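So you can see what is in the structure, the chains are spelled out below.
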Amino acid sequence: MKTPALASLLLLCPALVLAQQEVDRAATAPTQGNQLERVSVTRQQTDTDLRRREPVAKQLYGRDELDKYGDTQLSDVLKRLPGINVSGGQLRMRGLGGAYTQILVNGEPAPPGFSLDNLNPAQVERLEVSKAPTADQSAQAIAGTLNIILKDAPRVVQKDLRLGVNYASEKPVINAGFTYGDRVVGGVGFVLPISVYQWNFINEQEGERLTNAAPTGAQLRQHVTNEGRDRAHGRGFNISPRLNWKLGDDETLSLQGFFVQNRFRNEGKNTVTRLSDSSPAYVPRTVDETTRNRGTFSANRINLQYNNRFGEDRRVELRAGTGSGGADFRFAFNGRNGSAPQPIERITSGDNKNRNTTLGGKYSQYAGEAHTVTVGSEIERRVRDEKRTTTENGAPLLPGVEGQPFNATITRTAFYGQDEWEINKQWSAYFGVRHEQIKMASEGSRDLAGSSDFQSTSKVTTPLLHLNFKPDPKSRDLVRASLTRSYKAPDIQQLINRPSINLNDPLERGNTETTPDRSGNPALKPELATGLDIAYERYLPAGGLVSVGMFHRRITNLIRTDKARLMTVPWAPTDRWVITQVNLSKATTQGLELEVKGRAGELFPSLFEPTTALSLRASLNLYRSSVGDIPGPNNRLEGQQPWQFNFGADYRMKSLPISMGFSAQVAPHFEVRQSDVQSQESFASRSLDAFAMMQVGKQDNVRVSVNGLFQPKQGNRVFYATKADFSINERVPVPWWSVNWEHKF
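Residues numbered from 1 in each chain as written. Predicted model: local features only at pLDDT ≥ 70, side-chain atom pairs only at ≥ 80, totals over all residues. Heavy atoms only, no water.

Novice: In this structure, what is going on with the overall build of the protein? I would like to understand it.
Specialist: Helix and strand content of the protein: six helices and 40 strands. Taking 2.2 N^0.38 as the reference for a compact globule, 745 residues should give roughly 27 Å; the C-alpha atoms of the protein span a radius of gyration of 28 Å, in line with that estimate. In terms of principal-axis extent, the alpha carbons of the protein reach across some 105 × 55 × 50 Å. Burial statistics for the protein: of 745 residues in total, 49% are counted as buried. Taking as baseline every contact in the protein between residues at least 6 positions apart, the subset at least 24 positions apart corresponds to 68%. (Helix = DSSP H or I, 4+ residues; strand = E, 2+ residues; numbered from the N terminus. Rg over C-alpha atoms; globule rule 2.2 N^0.38 Å. Buried < 20%, exposed > 50% of the residue type's maximum accessible area, 1.4 Å probe, protein only. Contact = heavy atoms within 4.5 Å.)

Novice: How should I be thinking about the pairing of strand β15 (residues 314-336) in this particular structure?
Specialist: In the sheet, strand β14 (residues 288-310) pairs with β15 via 23 bridges, with the strands oriented antiparallel. The residue of β15 that forms the bridge with Gly 295 is Phe 329. From the end of β14 to the start of β15, which pair antiparallel, there are three residues, and Gly 311 there has a positive phi angle of about 70°. Bridge count for β15 against strand β16 (residues 344-367) is 22 bridges, and the pairing is antiparallel. Looking at β16, one finds that Arg 315 is bridged to Ser 364. (Pairing = 2+ DSSP bridges.)

Novice: How should the sheet that holds strand β6 (residues 124-130) be read in this particular structure?
Specialist: Backbone hydrogen bonds hold the strands of a sheet together, and the pairing may be parallel or antiparallel. The five strands lie next to each other as β1-β6-β7-β4-β5, forming an open sheet whose pairing is mixed. Each edge of the open sheet carries a strand with a single partner, namely β1 (58-61) and β5 (108-109). Here strand β4 (residues 101-105) pairs with strand β7 (residues 144-150) via five bridges, running parallel. Residue Thr 101 lies in a different strand from β7, and its bridge partner there is Gly 144.

Novice: Got a minute to help me understand the pattern of salt bridges in this structure?
Specialist: Pairs can form between side chains of opposite charge whenever their charged atoms are close. This model, assessed by the stated rule, comprises 52 salt bridges. Among the salt bridges present, the one from Glu 392 reaches Arg 346, with a minimum N-O distance of 3.1 Å. On the criterion of sequence distance, the pair formed by Glu 392 in strand β17 (residues 371-392) and Arg 346 in strand β16 is long-range, its members being 46 residues apart. Each member of the pair Glu 392 and Arg 346 is classed as buried. With its nearest N and O atoms 3.1 Å apart, the salt bridge here joins Arg 480 to Glu 537. You can see Arg 480 sitting in strand β22 (residues 478-488) and its partner Glu 537 sitting in strand β24 (residues 527-539), a full 57 residues away along the chain. You'll find Arg 480 and Glu 537 in the same group, each marked buried. Where salt bridges share partners, they join Glu 108, Glu 317, Arg 319, Glu 378, Glu 380, Arg 382, Arg 412, Arg 434 and Glu 436 into one cluster. (Salt bridge = Lys/Arg side-chain N within 4 Å of Asp/Glu carboxyl O.)

Novice: Looking at this structure, how should I read unusual backbone geometry?
Specialist: As a rule of thumb, non-glycine residues mostly have phi less than zero, and peptide bonds are mostly trans rather than cis. For the bond from Gly 632 to Pro 633, the omega torsion is 0°, close enough to zero to count as cis. You can see Pro 633 is positioned in the loop between β31 (614-627) and β32 (643-652). Positioned with a positive phi, Asn 634 is a non-glycine residue whose angle comes to about 65°.

Novice: Could you clarify how one ought to interpret the packing of aromatic side chains in this entry?
Specialist: What characterises a pair of aromatic rings is the spacing of the ring centres plus the angle enclosed by the ring planes. Inspection of the entire model under this criterion finds eleven aromatic pairs. Considering the side-chain rings of Trp 421 and Phe 431, the 6.3 Å spacing of their centres and the 35° angle between planes classify their relative orientation as tilted. Of this pair, Trp 421 sits in strand β19 (residues 406-422) while Phe 431 is found in strand β20 (residues 427-443), placing the two residues ten residues apart along the sequence. A relative accessible area of 29% means that Trp 421 is categorised as partly exposed. With relative accessibility at 35%, the residue Phe 431 sits in the partly exposed group. Through a chain of ring-to-ring contacts, the aromatic side chains of Phe 645, Phe 647 and Phe 662 assemble into a single cluster. Lying over the aromatic face of Tyr 69, Arg 80 brings its terminal NZ or CZ to 3.8 Å of the ring centre. (Phe/Tyr/Trp six-rings, centres within 6.5 Å; stacked < 30°, edge-to-face > 60°. Lys NZ or Arg CZ within 6 Å of the ring centre and 35° of its normal.)

Novice: Help me out: how do you make sense of the sheet that holds strand β28 (residues 576-579) in this one?
Specialist: The strand order across the open sheet formed by three strands is β23-β28-β27, and the pairing between neighbours is mixed. Either end of the sheet is taken by a strand with one partner, and the two such strands are β23 (517-518) and β27 (565-567). Across three bridges, β27 lies against β28 in antiparallel orientation. By the bridge assignment, Met 567 is partnered in β28 with Arg 576.

Novice: What's the story with the side chain of Gln 437 in this structure? I'm lost.
Specialist: Mapping Gln 437 onto the fold places it in strand β20. By relative accessible area, which is 15% here, Gln 437 ends up buried. If near-sequence neighbours (up to four positions away) are discounted, Gln 437 is found in contact with Thr 411, Arg 412, Thr 413, Thr 457, Ser 458 and Lys 459.

Novice: Got a minute to help me understand the pairing of strand β35 (residues 678-682) in this structure?
Specialist: Within a regular strand, side chains alternate between the sheet's two faces. Two strands pair when backbone bridges link them, and strand β34 (residues 670-673) and β35 are joined in this way by four bridges, in the antiparallel orientation. From the neighbouring strand, Glu 671 faces β35, where its bridge partner is Glu 681. Turn length for the β34-β35 hairpin, with the two strands adjacent in sequence and antiparallel, is four residues. Note: β35 against strand β38 (residues 714-720), five bridges, orientation antiparallel. Residue pairing for β38: Gln 680 is matched across the bridge by Val 718.

Novice: So what exactly am I meant to see when it comes to the side chain of Glu 537 here?
Specialist: You can call Glu 537 buried: its relative accessible area is 4%. Polar contacts involving the side chain of Glu 537 include one to the side chain of Arg 480, which spans 3.1 Å. Beyond its immediate sequence surroundings of up to four residues, Glu 537 is in contact with Arg 51, Asp 477, Leu 478, Arg 480, Leu 545, Val 546 and Ser 547. (Polar contact = N/O pair within 3.5 Å; in protein donor to acceptor, adjacent residues only side chain to side chain.)

Novice: I tried to follow the nonpolar core on my own but got confused; where do I start?
Specialist: Soluble globular proteins: nonpolar side chains tend toward being buried together. Residues Leu 74, Leu 78, Leu 127 and Ile 148 are the most contacted members of the largest nonpolar core, which totals 42 residues. Contributing elements (two or more residues each) for this core: α4 (74-78), β3 (90-93), β6, β7, β10 (188-211), β13 (251-274) and β14. Residues within four places of Leu 127 in sequence aside, it is in contact with Gln 59, Leu 60, Tyr 61, Leu 66, Leu 74, Val 77, Leu 78, Leu 81, Leu 146, Asn 147 and Ile 148. Residues Ala 408, Ala 489, Leu 495 and Ile 496 belong to the second largest nonpolar core, which totals 15 residues. (Core = buried A, V, L, I, M, F, W, Y, C linked by side-chain atoms within 4.5 Å.)

Okay, structure coming up:
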């Protein structure tokens, strides 16, 4: 292994060569008074440098990671990061579902309905990934927090134009982005990033379902397969302007906007085939099926922030924001040639509107030379108006419920305090406590079929402790440890007491234990998690990193879907099987997280020359979990895979202005026991992304990339411990090819 001094020398070699060239030019140029120009050599801080300086464990990703593959969707960037995977546009950290992962935009909760596919990475300044909560952000982050920092006003003029063509199936689509930023007179700086995009995907789908495998009474054995395709396409744009105004040496005012709008379309065809082992009297209700879905989504937000530093030891930050948005859709289903006496035309339409207002502030003060004490508070009010209607052949599916609007109001208040303590050259600590209260209230129909009225209040106090230890005060290595509390509050859809009908079995015929209806549970309590995180981070001299971490979470009041129960319901003339969500007693999850990245010559000095322009990275995440009230084996937390492996490399050619790289993600097939009687298998996943970029001039580059190569069939299989019933859903994903051109003015 090279010594740190030698590694540092190798790191500085290019800079020293440039410096020597400057000195040589100065020596040969005419001089006045035999004076030489002063040459300054500096190294720009990398994401790894910034990560090491953070007082708590946090991963930071800047422009290099955001621009590397020329992605037009932020979700494609995130899926390549350690310990993160994206499924259906939903972010999952540590293998846990989206509800366990908090997504913030500039430190504020993301707008309702926000998708990571709606944001172009060119509009993002950096990503902050935190595995444990801090006091100044909401503790609704059992798995972790992703904070998306939007583009800030540049120090010098910036004008970038990006044009691209993407292809996945049938026909290409375009994307374009333009960023203009500058500093003007009066201490005013601004940036205006604009992005427009399209998408077009076709998924080939197939499935199989066996219901009533051992029929009793009037039930019929139903064994069918289905095969079809679905096309999803649309277009959208987003703008995130920012204005910074320097009022004084220590006083600033900033205005941040965030506007997203898109239109989407989906068309599908599906053919149902009855298999010969079905009951002779069974005929599917429909055989030839078509679907069509169209709608819009929008989110608008404006935030104002004021910062002022009073002298050297006091600072205040005030924030205010308001936002609005909503969505509408119309889903049409047409089924023919089955047992139904006439073709079935089912139309589901709806719309929702969201409005929110936030206020917040915090005050920080140095207490002596070692402490920085901060106190703050936040309040957020969010109102949602929603209307949804389903009709079948012109008649409401649930009379008295369909078309009835409801209004939901969420009020979140929080108070917190924290102390960042530099104990000595080896130890530093972060103490914090946060008290957060969430009130939810909904008003709607009060009919017999199901009421939308409910009120719910959650109060959670979260103490937090983060410790950093340097084994050698002169080294860059760190040992980090965190003991924290976090939580997950139930959302409106889990609480609202409205039924959702399983359309495989119509109301007049009754359903089965394996085709239940769904209903909300207003009595749900928030999940609470106590977490321990420990990590050793070794920072290599040339900018590399080796990290080994472990985590443990103990969750109480776990929210899980209960087993189906047969009951008399007001929305059907017959008894129906119904499932709802309940609070179980407890669950635990733990894992091991390994990460390595750096230049090949630093990581493997015996195999690569120090000047080799090859960067390597790899991460391995191992997860285990168990749910106390569900029998094993495989009584894991919902959707958590046993392991995930990411690896990749980037290389810059010496003879040509070309850079290239790849990134691969692999996860295994696994099974989750969802209840006493039901289990779900998730298929193995793997994917390869690659890019090649050529610098064609001082201001232009062209990048060719592909996302999602070598993906196998994706899907799941649901089966039952006491029944032969099962259902399988599969789809064949397609890769996404891109050609992008970027010009810097």
